[in-house]
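# Remarks on the overall topology
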Amino acid sequence: MTTADTHITVQADMLPVMEQFYTIQGEGYHQGRAAYFIRLGGCDVGCHWCDVKDSWDAARHPLQHVNSLADEAARYPGRIAVITGGEPLMHKLDDLCKALHKRGFRTHMETSGSSPLSGQWDWITLSPKKFKAPLPEICAKAHELKVVIFNKSDFAWAEKYAAMANKHCKLYLQPEWEKAAEMTPLIIDYIKDHPQWELSLQIHKYINVP
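Described below are features of the structure shown in this document. (Residues numbered from 1 in each chain as written. Predicted model: local features only at pLDDT ≥ 70, side-chain atom pairs only at ≥ 80, totals over all residues. Heavy atoms only, no water.)

Moving on to the state of the cysteines. Evaluated as defined, the whole model comprises zero disulfides. Free of any disulfide, C169 has its nearest neighbouring cysteine sulfur in C139, separated by 9.0 Å. We classify C169 as buried; its relative accessible area is 10%. (Disulfide = S-S within 2.5 Å. Buried < 20%, exposed > 50% of the residue type's maximum accessible area, 1.4 Å probe, protein only.)

Now the structure itself:
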């Protein structure tokens, strides 16, 4: 349900959903907090190390109404809703955010920033990808910059986007999961020399929760 030229959902109150679940946030500033995740289908970024490649094709995932999604989330006591993907900004997210806010949720999003911004967000996590660069306006609005470190050259990549972020943006370096043993020591050394950065670990994978 996306247009070929803009990659934006035509029907904003119906979204392709790969999965939805209640767990804890495992990454970044809000790690360890209870959160309801809504993973939308559709991605045109195509990171080769992506661990949710099943999300890429939006047509594979059933459309659900935003009110149904918000009602299901509201069954749980946590009031953080994290919209992720895939690439969530391939879709118009205003109606989903309104439905979640109406039910008392803080709306958080995890995005590559490569598509135009929609929705009303209490927290934007920007994770830029080399395969399709983020839009400058999203870099400026991000509350959190989270850069996945796959090799040594990614540190320079991280600094490029840190320079585009606002002065209040939290800065995180996160090892790519399959290369964590190799990259984590390099990240630690880098942070010791560049203390404006912090370490993000995928703690949900260490404790084996979604």
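Here we come to the side chain of T184. Take T184: it is sitting in helix α5 (residues 180–193). Here T184 falls in the buried class, since its relative accessible area comes to 17%. A distance of 2.7 Å separates a polar side-chain atom of T184 from the backbone oxygen of A180. (Helix = DSSP H or I, 4+ residues; strand = E, 2+ residues; numbered from the N terminus. Polar contact = N/O pair within 3.5 Å; in protein donor to acceptor, adjacent residues only side chain to side chain.)

Our focus in this paragraph is empty space enclosed by the protein. Where empty space is left in the structure can be found by rolling a water-sized probe over the atoms. Within this structure, the stated rule accounts for one cavity of 30 Å³ or more. Volume-wise, the largest cavity comes out at about 60 Å³. Around the largest cavity, the lining residues are Q25, E27, G28, H30, V82, H108, E110, W123, T125, E144 and K146. Those elements that provide at least two residues to the lining of the largest cavity are β5 (106–111), β6 (123–126) and β7 (144–149). Residue classes in the lining of the largest cavity are distributed as two nonpolar, five polar and four charged. (1 Å grid on protein atoms, 1.4 Å probe; cavity = no way out; pocket = protein on both sides within 12 Å on 5 of 7 lines; lining within 4 Å. Points joined across faces, edges and corners; volume = space filled by probe spheres on them. Nonpolar A, V, L, I, M, F, W, Y, C, P; charged D, E, K, R; others polar.)

The next point concerns the side chain of R39. Residue placement: R39 occurs in strand β2 (residues 34–40). R39 gets classed as buried once you look at its relative accessible area, which sits at 13%. Polar side-chain contacts of R39 include one of 2.8 Å to the side chain of E19.

Next up on the list: the pattern of salt bridges. Under the criterion given, the structure shown has six salt bridges. Taking the shortest distance from any N to any O, the salt bridge between D154 and K130 comes out at 2.7 Å. In this pair, D154 sits in helix α4 (residues 154–162) while K130 sits in the loop between β6 and α3 (136–141), placing the two residues 24 residues apart along the sequence. Of the residues examined, D154 reaches a relative accessible area of 5% and is grouped as buried. A salt bridge links K170 to E198; the shortest N-O distance between them is 3.1 Å. Residue K170 is found in strand β8 (residues 170–175), and its partner E198 is found in strand β9 (residues 198–199); the two are separated by 28 residues along the sequence. For K170, a relative accessible area of 27% puts it in the partly exposed group. You can call E198 partly exposed: its relative accessible area is 33%. (Salt bridge = Lys/Arg side-chain N within 4 Å of Asp/Glu carboxyl O.)

Grouped together as the largest cluster of nonpolar side chains are 42 residues, with contacts concentrated most on L93, L96, L100, L145, V147, L173 and W197. Examining the composition of this core, we find that five residues originate from one element, α4, more than from any other. Not counting residues within four places of it along the chain, the set of residues in contact with W197 comprises L145, V147, A158, E159, A162, L171, Y172, L173, Y190 and I191. (Core = buried A, V, L, I, M, F, W, Y, C linked by side-chain atoms within 4.5 Å. Contact = heavy atoms within 4.5 Å.)

Glancing now at the sheet that holds strand β1 (residues 14–24). Across a sheet, paired strands are connected by hydrogen bonds in the backbone, their directions being either parallel or antiparallel. One open sheet accounts for nine strands, arranged β3-β1-β2-β4-β5-β6-β7-β8-β9; its pairing is mixed. Of all the strands in the sheet, the pair left with one neighbour each is β3 (63–65) and β9. Bridge count between β7 and β8: six bridges; the pairing is parallel. In the sheet register, E144 faces β8, and the bridge partner there is K170. Contacting β7, β8 and β9, α5 crosses the sheet at an angle of about 150° to β8. (Pairing = 2+ DSSP bridges. Axes fitted to C-alpha atoms, helices over the stretch in contact; angles between N-to-C directions.)

Distances and angles like these do not, on their own, reveal function.
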